[in-house]
Amino acid sequence: MSTIEQRLAELKVTLPTPAAPAANYLPFRQIGNTVYISGQLPKKDGQLLYPGTVGQDVTLEQANEAARHCAIQLLAQLKVACNGDLDRVVACVKLGGFVQCSPHFTQHPEVINGASDFLVSVFGDIGRHARFAVGAPSLPRNTSVEIDGIFEIC
Amino acid sequence: MSTIEQRLAELKVTLPTPAAPAANYLPFRQIGNTVYISGQLPKKDGQLLYPGTVGQDVTLEQANEAARHCAIQLLAQLKVACNGDLDRVVACVKLGGFVQCSPHFTQHPEVINGASDFLVSVFGDIGRHARFAVGAPSLPRNTSVEIDGIFEIC
Amino acid sequence: MSTIEQRLAELKVTLPTPAAPAANYLPFRQIGNTVYISGQLPKKDGQLLYPGTVGQDVTLEQANEAARHCAIQLLAQLKVACNGDLDRVVACVKLGGFVQCSPHFTQHPEVINGASDFLVSVFGDIGRHARFAVGAPSLPRNTSVEIDGIFEIC
């Protein structure tokens, strides 16, 4: 078993079948060693986790958990890009984090931490990344969080 | 006539004179073979198409058409980056799609499909890309859609 | 003194100690010669400048000044990436500009110009970049502006 798969097993994380894109685009596009992954929603067993507006229908804790599941979806896509071998990941480069929230919400970083903490727990220093965390009035399918990513593989 | 220009002619698409940036920045910046194109608005003959808020003043069909015109503007800029030869395009890498909409809107993917479908109809598999599609409470000049892009050329 | 440091001195700009990220991510991530810098807030002496919603609590002029300070924070991070020598900057590639504003705001470009104009005043043509400028209902810590960036160094 690869190092990263072993780490995922320790964390009791099973990577899902990667979500198919909802339309005429790709789940990821690789150029050289750089993999651009499309915005991922927090799906588990095909269901959208914690839909709604953070700070209204969705708590900070739930949104943080949703962000973690966005990162799990990113990894599921990344594993396909790596032909199944996540040990080929060299760097998590950047996350773009969007939070569906009201005009009064201020804790976007605490939401997106769910993804950042997960990636570091899986990859260690290789998982550390640049990112932005911003609000959106609405997101596809009423998801509370959407995260895209750039990764480097070898 | 180049293959891509021929395809554009079949689709009855005339690339406009690329829109000048509204300020002290560039319509695109090339690093190596990668072209980063600034966020484009859906302009036609210098006019902004379908301004307003999607789901309120602008229908889904109109917003989808606006997204298509954002992609046409991206191609107009990309053609300059290619010194006029769009056959030099190797890959459409990533689109960032922003939809001006209310907190209750959920069909951002269906809007941005207007751009994705257009790129695939022009370039085939080369036109397939990663993307995100998110909402914004407001966008420059009251545009309903804004899309930026990353392309690879040779 | 380096050329760029001299230019900053002429502009009476002192780069601050770069802001630490608020969580488990990096202020920047370098891959090859490309530096991805995390979304920066307009901080000065550790204080957030002009928090609030542009067009409501924050004027266009204040938001433009806030955007300038986001760019100053980007440079502070970039200087670390360059091991202290900003003359190693080859290109400002792209800015992503988010403005906290109401649904009726339309002047996002005029806000983000505060960052674009500053970068060009410091770097000249090297400072010209692609960008997007969009609205958000809310941003971290009630900041009026957040900007991330991609730079090329040698």
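Peer 1: With reference to specific residues and values, describe the overall build of chain A.
Peer 2: The secondary structure content of chain A amounts to three helices and seven strands. Element order for chain A, N to C, with α for helix and β for strand: α-β-β-β-β-α-β-α-β-β. Taking 2.2 N^0.38 as the reference for a compact globule, 154 residues should give roughly 15 Å; the C-alpha atoms of chain A span a radius of gyration of 15 Å, in line with that estimate. Reported as C-alpha extents along the three principal axes, the dimensions of chain A are approximately 45 × 35 × 30 Å. Relative to its full complement of 154 residues, chain A shows a buried share of 57%. Counting contacts in chain A only where the partners sit at least 6 residues apart, residues at least 24 apart contribute 79% of the total.

Peer 1: Before we move on, can you summarise helix H3 (residues 108–123) of chain A with the specific residues and values?
Peer 2: All names here are of chain A. For H3, built from 16 residues, the straight-helix expectation of 22 Å at 1.5 Å per residue is met to within 8% by its first-to-last C-alpha distance of 23 Å. A bend of about 35 degrees at glycine 114 is the largest found in H3. In terms of burial, H3 is a largely internal element, 12 of the 16 residues being buried. Tucked into the core, H3 has its buried residues touching helix H1 (3–10), helix H2 (60–81), strand S5 (89–100), strand S6 (130–136) and strand S7 (145–153). Trailing H3 by a residue or two, glycine 124 shows a phi angle of about 65 degrees, which is positive.

Peer 1: Would you mind going over the environment of glutamine 30 of chain C in detail, with residue names and values included?
Peer 2: Residue and element names in this part refer to chain C. Along the chain, the position of glutamine 30 falls in strand S1 (residues 28–31). Overall, glutamine 30 belongs to the partly exposed group, with 17 C-beta atoms counted inside 10 Å. Dropping the residues within four chain positions of it, glutamine 30 is found in contact with Val35 and Ala81.

Conventions used here
- Residues numbered from 1 in each chain as written.
- Chains lettered and ligands numbered in written order.
- Predicted model: local features only at pLDDT ≥ 70, side-chain atom pairs only at ≥ 80, totals over all residues.
- Helix = DSSP H or I, 4+ residues; strand = E, 2+ residues; numbered from the N terminus.
- Rg over C-alpha atoms; globule rule 2.2 N^0.38 Å.
- Buried ≥ 20, exposed ≤ 12 C-beta atoms within 10 Å, placed from the backbone.
- Contact = placed C-beta atoms within 7 Å.
- Expected span 1.5 Å × (residues − 1).
- Bend = angle between axes of the 7 residues up to and from the residue.

So, to be careful, I would describe these as geometric facts and stop short of saying anything about function.
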